[in-house]
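Close look at the chain arrangement
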Amino acid sequence: MRQLVVAGHGMVGHRLVEELVEAGGLEGPDGWEVTVVGEESRPAYDRVALSSAFAGAGEDQLTLVSDGFFDTPGLRLLVNEAVAAVDPEARTATTTSGRVLAYDHLVLATGSRPFVPPLPGKDLPGVFTYRTLDDVEAITAWCAGRRTGVVLGGGLLGLEAANALRLLGLEVHVIEMAPRLMPVQLDDGGAAALRTRIEALGVHVHVGASSQAILAGPDGTVSGLLLADGTELAADVVVVSAGIRPRDDVARGCGIDLHERGGILVDEACRTSDPAISAIGECAVAAGRVWGLVAPGYKMAAAVADRLTGGDATFEGADLSTKLKLLGIDVASVGESHGPGAILDDPGSATYKKIRVDEEGRLVGAVLVGDASSFGDLVQLHRSGVVVEDVLSLLAGTAAPAATGPSALVCSCNSVTTGDLVSAIEADGICDLATLKACTKAGTGCGGCVPTLKGVLERQLAAQGVAVRRGLCEHFPDRSRQDLYDICRIGRVRTFADLLASHGQGKRGCEICKPTVASILASLGGGYVLDGEQAALQDTNDFALANLQRNGTYSVVPRMPGGEVTPRQLMACAEVAEDYDLYVKVTGGQRLDLFGAKLDDLPAIWARLGQAGLESGHAYGKALRTVKSCVGINWCRYGVQDSTEMAKLLELRYRGLRSPHKVKMAVSGCARECAEAQSKDVGVIATEAGWNLYVGGNGGFRPRHADLLAEGLSDAELVRSVDRFLQYYVRTGERLERTAAWIERIDDGIDHVRRVVVDDSLGLGAELEAQMAAHVEGYECEWAATLRQPERLARFQTYVNEGAPT
Amino acid sequence: MTILDPATTASVGTTRPPRDTSSRQNRWQDVCGLDALTVERGAAALVDGRAVALFRLDDDEVLAVDDVDPFWGVPVLSRGLVGCIGGRDTVASPLLKQRFDLRTGDCLDDPAVTVAVWPVQVQQGRVAVAPPPSLAGP
């Protein structure tokens, strides 16, 4: 047996041992006997997820060591002990407890230490670094009962630390010397968006600020921070996160070559200047630099494990593309992110995206803040070097997933390629994402590649003939309704012709894509739905502003908000019904439907209904139909709130809103639920404590009970929630997809919708509300608008030839 | 001047002179001005008691078929949406969405069903149609 000593049991050191075991390195007469020396009191844990410990994640959730792993014969773990000295001649390592370990090969995986600038007061009680679970415990204990914290450093780890303090209930200041947050990964625009979002969480950000001294209070503990400009910030705790330095002391002590600025120099095999000693992870300078991320560390571990089992693997650098969730905010950078590029900067939603391509159109780098959903595709594009044909779509996040070969790496955390995924999908008949992740481990690390995984799965299933709906029709084979909505919204495309030319194929469009785009343009505030090109796009019913019936006549449905109607309006309905010989039926939505009207008579009928104060009920559109209600507190002995007034308010607010499919609502005045709100797309039920909001209910072909979205809402909160819900549905629903099917389709279903609508996790709240406000502002009854302009009446003619009878 | 070849007349820009619509022999019937038709939409016309669906395409070509939806026996095809499916110019019935080739009258969704195609002429801003060849007398 040969002896291997691993100095350091962090993430990378442990990965090395795992790789070695997996490669059979412990087996046979020539196998390795491994001693791992770990300085901390606990075995390796997930340091990347350190801040989740503040959110309550226990040690067992963070540990990387599976139960019984070190019971494997040939493996030994020493904790609370570090390698203190190495004798390269004798090939022995001496530990801090005086133990002497003989080795045939030594791997240094000692990681890095936090850099603490030489500030006065840096050793005061209440000053911490942030790297280990022990740090977490010490900070947690110290912060109990304290109110304000300062974090020195606005980089990745500093922001993690800020989040940790925030989770402990402290008011937090972040001090960054550079003029922006995360100066390494982000450009100015991305950093600005990140700052907006972080400040919205109540964290104070000071950039371009140098620290002068950490101040002490009368009790000798930290009381604040003095900045170079003289500002004093009061603080009960200071966390220093000003960068890392490789831990190279042991190597330094035994004469191994170091980099001039620190770090153990290694070759492409991760060997040091002594071939019996390797170095991996953050203590090493490999391919010319220190790699401060875990993925490159894992690659080094894999290379060394391979070498130890007779292979010749090398480490030649790694992709530094990263996707993080900082304080719940998505931040990602791909490739070389600094420099000019195409930018999508939306200060309203604090979303920022920059995409850089070279002269040939290949992706050079990208920055994403606020929404990193396109990260996976961008990384693929960057790695594959495929030419980006349409930067605008890529920016809008609507480009088709990157086309890549089987060798393309999808999950860099676990080194899973497209080929691996495809064979797993084919061989094991996998048809859902969860199984694919479980079988291949892809997407189980940082999770950044999950959208790409999904794309690969969908493409593969489609290739196998399993139906995966994505493209709308032959004119937009790769675009879903959601894609087209985004293109129109972000790219400000406002005509079907432009959309077809820029993002579709073929000519003319068809009965699928035309009404879909008409609806999108209407949702985006396209104005009167029958002017100009829009006239050609509308479905038959929208074109006639009435519902075509099986005999070629139309039905007429005036709006009766909340089911309320005046005697005068009832009389107007009765009179036109009599004069035009219409059949009258009370609908399930608490209003009247007048059947049998001829196309030519529609304007005259509506002129009379309009005089009685009735307006279009939009029964002809994929739009809000009715808000059904009970009589509520005014009449009913059980009612606890005014359901009829609320139904009227909602119906008048959302009337005319074009959506992927029709939308039905109801408001019940008490839990007896006489308005059947739980079978509606949006259902509201009154309680003593406020309104309960249900969404995604359906009657019809496949009934579905609505899901509870939020409880105990005030009137204003209810309206705000419904605003957001409807606009998010309009934005992301597929063609003819009711809210019930929509919620069942999207990942995480109602939980996702709740995060977006209630918690504003995507930061879209204000934007969605503004869109709804614009809709409410721009609403006009389509029949009133039609009657106002005589030239709009020409289409209500059964025959176009002059003199033909009607 | 009797029967015209529909293949040469069912298109824009024909060089034939305007027809005298009063001639008993002339099968062309003036219907309406091109301006009366909305681009990329249909409209119905009544010709000799028969409903015809006229469609003005984006290049101002006008195509015509019987207005009656053969699946329902109701004159509504003119109210359907114009499309282009696999390179064929089509209209989708507004009732149950079966699609018809505007040039051949074939139903794309049911090979057993067709609608009659009417030859169309557009000249000097006027649209004229002739009865479908199947109905054309001597």
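Note that the coordinates shown come from a computational prediction; the quantities given were computed from them, not determined experimentally.

As for the overall build of chain A
Within chain A, the secondary structure is distributed over 25 helices and 36 strands. Within chain A, counting contacts between residues at least 6 apart in sequence, those at least 24 apart form 62% of the total.

Some points on the overall build of chain B
Within chain B, the secondary structure is distributed over one helix and 13 strands. The secondary structure elements of chain B, listed N-terminal to C-terminal, are α-β-β-β-β-β-β-β-β-β-β-β-β-β. Counting across all 138 residues of chain B, residues that qualify as buried make up 41%.

Focus: the sheet that holds strand 15 (residues 232–234) of chain A
Residues and elements named next belong to chain A. Across the sheet, three strands lie side by side as 13-14-15; this open sheet has antiparallel pairing. Bordering the open sheet on either side are strand 13 (211–216) and strand 15, each of which pairs with just one other strand. For this sheet, the mean angle separating the axes of adjacent strands, direction not counted, is 25 degrees. Relative to strand 14 (residues 222–227), strand 13 runs antiparallel, the two sharing five bridges. Bridge pairing in strand 14 links Ala216 to Val222.

Considering the interface of chain B and chain A
In this complex, chain B contributes 29 residues to the contact, which on the side of chain A involves 22 residues. Contributions of two or more residues to the side of chain B that touches chain A are made by strand 2 (29–33), strand 3 (41–47), strand 7 (74–75) and strand 8 (81–85) of chain B. Here the side of chain B that touches chain A is composed, by residue class, of 21 nonpolar, three polar and five charged.

Brief notes about the pairing of strand 16 (residues 237–240) of chain A
Residue and element names in this part refer to chain A. Residues Val237 and Val239 point to one face of strand 16 and Val238 and Val240 to the other, with burial holding for every one of them. As paired strands, strand 10 (residues 148–152) and strand 16 are joined by four bridges and run parallel to one another. In the sheet register, Val150 faces strand 16, and the bridge partner there is Val238.

A look at the sheet that holds strand 9 (residues 88–92) of chain B
All names here are of chain B. One open sheet holds the three strands; their spatial order is 8-9-10, and the pairing between them is antiparallel. The outermost strands of the open sheet, each flanked by one partner alone, are strand 8 and strand 10 (99–101). With strand direction ignored, the average angle separating the axes of adjacent strands in the sheet is 35 degrees. Direction of pairing for strand 8 relative to strand 9: antiparallel, over a ladder of five bridges. Opposite Val82, over in strand 9, you have Val91 as the bridge partner.

Looking at helix 13 (residues 481–490) of chain A
Residues and elements named next belong to chain A. Within helix 13, seven of the 10 residues are buried, leaving the element largely enclosed by the surrounding structure. If you check which residues of helix 13 are buried, you get Arg481, Gln482, Asp483, Leu484, Tyr485, Ile487 and Cys488. In this structure, the buried residues of helix 13 make contact with helix 9 (391–396), helix 14 (496–503), helix 15 (513–523) and helix 21 (715–732). Positioned one or two residues after helix 13, Arg492 has a phi angle of 55 degrees, which is positive.

Points about the pairing of strand 5 (residues 62–66) of chain B
Residue and element names in this part refer to chain B. Among the five residues in strand 5, five count as buried, and that is most of the element. Here five bridges tie strand 4 (residues 50–56) to strand 5, and the two strands are oriented antiparallel to one another. From the neighbouring strand, Phe55 faces strand 5, where its bridge partner is Leu63.

Some remarks on the packing of helix 21 of chain A against helix 23 (residues 749–757) of chain A
Residue and element names in this part refer to chain A. In the contact formed by helix 21 and helix 23, the axes pass within 10 Å of each other and the chain directions differ by 120 degrees. Judged by the inter-axis angle, helix 21 sits oblique to helix 23. Once helix 21 is placed against helix 23, the crossing between them reads as right-handed. Between helix 21, through Ser721, Arg724, Phe725 and Tyr728, and helix 23, the contact on the second element is made entirely by Val753, Val756 and Val757. Within the contact of helix 21 with helix 23, the residues separate by chemical class into five nonpolar, one polar and one charged.

As for unusual backbone geometry
Residue and element names in this part refer to chain A. The phi angle at Lys441 is positive, at roughly 70 degrees, despite the residue not being glycine. Looking at where Lys441 falls in the secondary structure, it is placed in the loop between helix 11 (433–440) and helix 12 (450–463). Residues other than glycine seldom take positive phi values, yet Leu545 does so here, at roughly 50 degrees. For Leu545, the location among the structural elements is in the loop between helix 17 (540–544) and strand 28 (547–548).

Section: helix 11 of chain A
Residues and elements named next belong to chain A. Of all the positions in helix 11, only Leu436, Lys437 and Thr440 are classed as buried. Here the buried residues of helix 11 occupy an arc of 100 degrees about the axis, which is enough to place them on one side. Just downstream of helix 11, Lys441 is the residue with a positive phi angle, here 70 degrees.

A closer look at the confidence of the model for chain B
Confidence in the prediction for chain B averages 82 pLDDT; 78% of positions are at 70 or higher. Ignoring residues within four places in sequence, the model shows residues 1–25 of chain B, a span with pLDDT below 50, making 31 contacts including any to other chains.

Regarding the nonpolar core
With 149 residues, the main nonpolar core has Val151, Leu194, Val238 and Val239 of chain A together with Val52, Leu54 and Ala64 of chain B as its most contacted residues. Beyond its immediate sequence surroundings of up to four residues, Leu54 of chain B is in contact with Val800 of chain A together with Val31, Leu37, Gly42, Ala43, Ala45, Val62, Ala64, Ser78 and Val127 of chain B. Residues Leu101, Ala286, Val294 and Ala305 of chain A belong to the second largest nonpolar core, which totals 52 residues.

Observations regarding the environment of Gly121 of chain A
Residue and element names in this part refer to chain A. Looking at the secondary structure, you find Gly121 in the loop between strand 8 (112–114) and strand 9 (127–129). In sequence terms Gly121 and Thr221 are 100 residues apart; their C-alpha atoms lie 9.4 Å from each other. Leaving out residues up to four positions away in the same chain, Gly121 has contacts with Ala213, Ile214, Leu215 and Ala216.

Thoughts on the environment of Glu18 of chain A
By secondary structure assignment, the location of Glu18 of chain A is in helix 1 (residues 11–22). With 51 residues separating them along the chain, Glu18 of chain A and Phe69 of chain A place their C-alpha atoms 9.1 Å apart.

Quick notes on the packing of helix 1 of chain A against helix 7 (residues 294–308) of chain A
When two helices pack together, their arrangement is given by the angle between their axes and by how far apart the axes lie. All names here are of chain A. Their axes nearest at 8 Å, the elements helix 1 and helix 7 cross at an angle of 35 degrees. Relative to helix 7, helix 1 is oriented so that their crossing is right-handed. Listed contacts from helix 7 to Met11, Val12, Arg15, Leu16, Glu19 and Leu20 of helix 1 are Val294, Gly297, Tyr298, Met300, Ala301, Ala302, Val304, Ala305 and Leu308. Considered class by class, the residues forming the contact of helix 1 with helix 7 number 12 nonpolar, one polar and two charged.

Quick look at the environment of Ala442 of chain A
All names here are of chain A. For Ala442, the location among the structural elements is in the loop between helix 11 and helix 12. As for Ala442 and Val416, which are separated by 26 residues in sequence, their C-alpha atoms are 5.9 Å apart. With residues near it in sequence (within four places) discarded, Ala442 still touches Val410, Cys411, Asn414, Val416, Leu421, Lys437, Cys449 and Leu453.

Calculation rules
- Residues numbered from 1 in each chain as written.
- Chains lettered and ligands numbered in written order.
- Predicted model: local features only at pLDDT ≥ 70, side-chain atom pairs only at ≥ 80, totals over all residues.
- Helix = DSSP H or I, 4+ residues; strand = E, 2+ residues; numbered from the N terminus.
- Contact = placed C-beta atoms within 7 Å.
- Buried ≥ 20, exposed ≤ 12 C-beta atoms within 10 Å, placed from the backbone.
- Pairing = 2+ DSSP bridges.
- Axes fitted to C-alpha atoms, helices over the stretch in contact; angles between N-to-C directions.
- Nonpolar A, V, L, I, M, F, W, Y, C, P; charged D, E, K, R; others polar.
- Parallel < 35°, antiparallel > 145°, perpendicular 65-115°, else oblique.
- Left-handed = near helix turned anticlockwise from the far one by under 90°.
- Arc of directions from axis to C-beta.
- pLDDT = per-residue confidence, 0-100.
- Core = buried A, V, L, I, M, F, W, Y, C linked by C-beta atoms within 7 Å.

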